[in-house]
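A closer look at the structure
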Amino acid sequence: MIHVEVELGERAYPIHIGADLIDREALFAPHIRGTSVAIVTNTTVEPLYGTRVRAALERAGKRVQTIVLPDGEAHKNWQTLNQIFDALLGQHADRKVTLVALGGGVVGDMTGFAAACYLRGVPFIQVPTTLLSQVDSSVGGKTGINHPLGKNMIGAFYQPQAVIADIGTLGTLPQRERAAGLAEVIKTAAIADPAFFDWIEANIDALNHCDALALARAVKRSCELKAKVVAADEREAGLRAILNFGHTFGHAIEAGLGYGQWLHGEAVGCGMVMAADLSVRLGLLDEITRERLVRLIGAAHLPTRAPALGTDRYVELMQVDKKADSGTIKFILLKRIGDTLITGAPDADVRATLAASI
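Residues numbered from 1 in each chain as written. Predicted model: local features only at pLDDT ≥ 70, side-chain atom pairs only at ≥ 80, totals over all residues. Heavy atoms only, no water.

- The protein chain is annotated in an unreviewed UniProt entry as 3-dehydroquinate synthase from Mycetohabitans endofungorum.
- Of the comments in the UniProt record for the protein chain, the one headed Function (unreviewed entry) reads "Catalyzes the conversion of 3-deoxy-D-arabino-heptulosonate 7-phosphate (DAHP) to dehydroquinate (DHQ)."
- UniProt, in the comment section headed Pathway (unreviewed entry), describes the protein chain in these words: "Metabolic intermediate biosynthesis; chorismate biosynthesis; chorismate from D-erythrose 4-phosphate and phosphoenolpyruvate: step 2/7." (UniProt positions renumbered as here; feature names shortened; annotations may be inferred.)

Dropping the structure here:
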């Protein structure tokens, strides 16, 4: 088992990475202060892992309630969030209840937001079951839901008590979901670690074929890099925004198509291609590095051509992005692998990138 610590003073917490961790009650128990636990999961994950997590919690002496939500990004909204509150209130859950987010990024984001809001804050534990959630969304305390006008526009910074990333759960992922997770692995390497980027290029076939050792290394290094950024800038006042490389374009794709049409990682993969194109147009990035990034994204079975939403629609959607400043769109662009710049861009160049990417 591998351990990574997110250093946030009194809000610090461990990330545990390894196989069959969801069966280890000793990993859960230190982070649950009361006797009441609510597992929040979805209709896909509950039949796979719900019984095992429940059994581990009951062995730890906990009284367990399970809340099963509909699956998919399309359900990351107020209506589904209220299902969590309805279930907690229906069982008279008090401030000593601990929520356990068992699932991918949607479950983790909504459970974290519910924990931040319920009775003005109760603890929660992340148990991510997808590659994307293990390497990215379960770490760092970003929680929330989508709005029809923009992705993740309603939420809170709220850190978990622990992250328990069981590599064994990745074996049941469909290939498309695994590819979506690789987008965030590639993103993290592209913005922060050239040597890790080299390693991903050399091991992309093993990652595509769900090699356990390769996945464990990818999860570990991704978590280490993200933990370092989060520790330096917990609430995204500056540095943490680099983690959104590819997301300005990617979030526009998700909102424009309708949530769930493309997976988040698919949109981020394509968004990185678009951000690299814009980086070249602005004279920040060389063409060879752009081609290298696009080639790796394609090798991970991610889309490299954007959907035809229309340039005006893209611009409109990107102006709603959380990083926008008084309507000015902010982009995370590359200067080289491991070196980024947060900046605005001339409208003509943005539109040229959009036209070339569709």
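That covers the picture; the talk isn't over yet.
Section: the domain arrangement of the protein chain
- Under the domain assignment used here, the protein chain contains domain 1 (2–170) and domain 2 (181–357).
- For domain 1 and domain 2, the distance between their C-alpha centroids amounts to 26 Å.
- At the junction of the two partners, domain 1 supplies 33 residues and domain 2 supplies 33 residues.
- Approximately 2,900 Å² of surface area, both sides summed, lies buried where domain 1 meets domain 2, with 68% of it carried by carbon and sulfur atoms.
- Our count for the contact surface shared by domain 1 and domain 2 stands at five salt bridges.
- Asp-136 serves as the salt-bridge partner of Lys-187, at 3.3 Å between the closest nitrogen and oxygen.
- Linking domain 1 to domain 2 there are eleven residue pairs in polar contact (both at pLDDT 80 or more). (Domains from an automatic or database assignment. Contact = heavy atoms within 4.5 Å. Buried area = accessible area lost by both parts, 1.4 Å probe. Salt bridge = Lys/Arg side-chain N within 4 Å of Asp/Glu carboxyl O. Polar contact = N/O pair within 3.5 Å; in protein donor to acceptor, adjacent residues only side chain to side chain.)

Concerning the pattern of salt bridges
- Within the structure shown, the criterion is met by 25 salt bridges.
- Here Arg-221 and Asp-193 are joined by a salt bridge, their closest N and O atoms 2.8 Å apart. Separated by 28 residues along the polypeptide, Arg-221 in helix H8 (residues 212–232) and Asp-193 in the loop between helix H6 (175–192) and helix H7 (194–208) bring together distant segments of the chain.
- In this structure Arg-221 comes out as partly exposed when scored by relative accessible area, which is 29%.
- Here Asp-193 falls in the buried class, since its relative accessible area comes to 11%.
- Linking Lys-220 and Glu-224 is a salt bridge whose minimum nitrogen-to-oxygen distance equals 2.6 Å. Placement of the pair is Lys-220 and Glu-224 together in helix H8, with a separation of four residues, close to one helical turn. (Helix = DSSP H or I, 4+ residues; strand = E, 2+ residues; numbered from the N terminus. Buried < 20%, exposed > 50% of the residue type's maximum accessible area, 1.4 Å probe, protein only.)

Description of the UniProt feature "domain: 3-dehydroquinate synthase N-terminal" (unreviewed entry) in the protein chain
- According to UniProt, the "domain: 3-dehydroquinate synthase N-terminal" (unreviewed entry) feature falls on residues 67–178.
- Secondary structure over residues 67–178 splits into 33% helix and 29% strand, and the C-alpha atoms at its two ends are 25 Å apart.

Some details on the packing of H7 against helix H11 (residues 287–299)
- Across the interface, H7 lies against H11 with an axial gap of 10 Å and an inter-helix angle of 20°. Taken together, H7 and H11 sit at an angle that is classed as roughly parallel. Considering the relative orientation of H7 and H11, their crossing is left-handed. Where H7 approaches H11, its residues Phe-197, Asp-198, Ile-200, Glu-201, Ile-204 and Asn-208 are matched on the opposing element by Arg-292, Leu-293, Leu-296 and Ala-299.
- The residue makeup of the contact of H7 with H11, split by class, is six nonpolar, one polar and three charged. (Axes fitted to C-alpha atoms, helices over the stretch in contact; angles between N-to-C directions. Parallel < 35°, antiparallel > 145°, perpendicular 65-115°, else oblique. Left-handed = near helix turned anticlockwise from the far one by under 90°. Nonpolar A, V, L, I, M, F, W, Y, C, P; charged D, E, K, R; others polar.)

Here we look at the UniProt feature "binding site: Zn(2+)" (unreviewed entry) in the protein chain
- Annotation from UniProt places "binding site: Zn(2+)" (unreviewed entry) at Glu-184, His-247 and His-264. Sequence-wise these annotated residues cover 81 residues; spatially they are packed, their C-alpha atoms never more than 10.2 Å apart.
- If near-sequence neighbours (up to four positions away) are discounted, His-247 is found in contact with Glu-184, Lys-187, His-264, Val-268 and Asp-321.
- There is a polar contact of 3.1 Å between the side chain of His-247 and the backbone oxygen of Phe-245.
- Within the secondary structure, His-264 sits in helix H10 (residues 264–281).
- Under the relative-accessibility criterion, His-264 is labelled buried at 14%.
- A polar contact is formed between the side chain of His-264 and the side chain of His-247, at a distance of 3.5 Å.

A word on the environment of Thr-111
- Along the chain, Thr-111 falls in helix H4 (residues 105–117).
- Once the C-alpha coordinates of Thr-111 and Leu-81 are considered, the two residues, 30 residues apart in sequence, prove to be 8.0 Å apart.
- With residues near it in sequence (within four places) discarded, Thr-111 still touches Val-40, Ile-84, Leu-99, Val-100, Ala-101 and Phe-124.

Quick word on the packing of aromatic side chains
- Under the counting rule described, the total for this entry stands at four aromatic pairs.
- Seen in terms of ring centroids, Trp-78 and Phe-113 are 6.3 Å apart; in terms of plane orientation they differ by 50°. Their pairing is tilted. Taken together, the residues span a long stretch of sequence, with Trp-78 in helix H3 (residues 78–90) and Phe-113 in helix H4 at a distance of 35 residues.
- Overall, the relative accessible area of 42% leaves Trp-78 in the partly exposed class. (Phe/Tyr/Trp six-rings, centres within 6.5 Å; stacked < 30°, edge-to-face > 60°.)

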